[in-house]
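# Inside the fold
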Amino acid sequence: MFKPELLLTPTKLSDLEPLINAGADAFVIGEQQFGLRLAGEFTRGDVLKAVDIIHSHNKKVYVAVNAIFHNEKLDDVTDYMQFLQTANVDGVLFGDPAVLMIARDVAPKLKLHWNPETTATNWFQCNYWGKRRALRSVLSRELSMDEIIEIKENTDVEIEVQVHGMTCMFQSKRKLVGNYFEFRKEQMELKHDDNQQLFLYDAERDNKYPIFEDVNGTHIMSPNDICIIDELEELIDANIDSFKIEGVLKTTDYLVTVTKLYRNAIDLAVENRKQYNKVKADLVKQIEEVQPVNRPLDTGFFYKETVY
């Protein structure tokens, strides 16, 4: 039976070895100026070091170039794509067609993964970009299990699905929070650690929506973390190619623990389905033990209707 790739978004260079030892097969890294909502900042020097480390373990490294680019950034993107081809990365995530056009001209050897965030919702889109050189589509997080399986059945490209972690609910190119405090003539440094995290608070539902800002603007994240470690059979049987664990606003220790549990779950679901069914409830319980108290687990939109 086909075994899907286990994909991680590390927070820093020193995460790589522990996550590889925990069972990761591949990584998404990059720079904020080119990639959206990265778990950590990886400079060009870091990318070169990461490629050496990851390839020495026969694992894969992908780089996010999926930001929304304005005219003044295109020369920088061109230079970056040339660098990534020279660095011998295994793939580049893109959402903007400009990246694809630039790759055709200056980096024809780069493998491309179409990742437009919320708009990858049907197989015609996946195949459209597949005919234009994309080898993989990263599906929207708002799809149900049935929709994901139907897309996989009708596509000619690899399919990537997020199985764990927080998701983005809203993005603005503007730095909304920073601009507000500047308007108030107040100085405020945005912090992302456990003690100084910014939230939107919904009193009616008692939900906290984490906020962070980077060079790409303002991002409002989901109040819960996806966790479908006990629901992997359908995705595995559908031959989904890659399972992503999102590392945004997570600690290294947390990511290592969760990676080990998903590695065990995937291996058992592929090789010993009966044993997987026996232990999957316990796997969820082990994740709950390390889960931050303000981040409940749920199954995202896999089994419920999307409500906007």
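Residues numbered from 1 in each chain as written. Predicted model: local features only at pLDDT ≥ 70, side-chain atom pairs only at ≥ 80, totals over all residues. Heavy atoms only, no water.

General note: in soluble globular proteins, nonpolar side chains tend to be found buried as a group. By size, the foremost hydrophobic cluster in this structure holds 80 residues, and its most contacted members are Val47, Val65, Met81, Leu84, Leu232, Leu235 and Tyr262. At 11 residues, the largest contribution of residues to this core is made by helix 9 (residues 252–271). Apart from residues lying up to four places away in sequence, Met81 is in contact with Val65, Val92, Val99, Ile102, Ala103, Val106, Ala107, Leu110 and Leu112. The next biggest cluster of nonpolar side chains, apart from the first, holds seven residues, and it includes Leu7, Ala26, Val28 and Ala64. (Core = buried A, V, L, I, M, F, W, Y, C linked by side-chain atoms within 4.5 Å. Buried < 20%, exposed > 50% of the residue type's maximum accessible area, 1.4 Å probe, protein only. Helix = DSSP H or I, 4+ residues; strand = E, 2+ residues; numbered from the N terminus. Contact = heavy atoms within 4.5 Å.)

This brings us to the confidence of the model for the protein. In the predicted model, the protein carries a mean pLDDT of 88, and the fraction of residues at 70 or more is 84%. When the criterion is pLDDT under 50, residues 187–196 qualifies, and its contacts beyond four places in sequence or with other chains add up to 12 contacts. (pLDDT = per-residue confidence, 0-100.)

The end-to-end C-alpha distance of helix 10 (residues 273–290) is 25 Å, a good match for the 26 Å that 18 residues give at a rise of 1.5 Å each. The largest bend in helix 10 amounts to roughly 45° and is located at Val279. When helix 10 is considered as a whole, its buried residues turn out to be Tyr276, Val279, Leu283, Val284 and Ile287. In the core, the buried residues of helix 10 are packed alongside strand 7 (158–165), strand 12 (225–227), helix 8 (233–237), helix 9 and strand 14 (297–298). (Expected span 1.5 Å × (residues − 1). Bend = angle between axes of the 7 residues up to and from the residue.)

Aromatic rings considered in pairs are described by the distance between their centres and by the relative angle of their planes. For the structure on display, the rule yields seven aromatic pairs. With a centroid separation of 5.8 Å and an interplanar angle of 75°, the aromatic rings of Phe94 and Trp129 are classed as edge-to-face. Pair noted here: Phe94 is in strand 4 (residues 91–94) and Trp129 is in helix 5 (residues 123–130), with a separation of 35 residues, a long-range link. Note on accessibility: Phe94 and Trp129 belong to one class, buried. Relative to Trp129, the ring of Trp114 lies with its centre 6.0 Å away and its plane at 25°, an arrangement referred to as stacked. Note that Trp114 is positioned in strand 5 (residues 112–114) and Trp129 in helix 5, a separation of 15 residues in sequence. Taking relative accessible area as the criterion, Trp114 reaches 4% and is therefore assigned buried. On the accessibility criterion, Trp129 (14% relative accessible area) is buried. Three or more aromatic residues link up through ring pairs in this structure, and these residues are Phe34, Phe69, Tyr80 and Phe83. Above the face of the Phe83 ring, Arg44 is positioned so that its terminal group lies 5.0 Å from the ring centre. (Phe/Tyr/Trp six-rings, centres within 6.5 Å; stacked < 30°, edge-to-face > 60°. Lys NZ or Arg CZ within 6 Å of the ring centre and 35° of its normal.)

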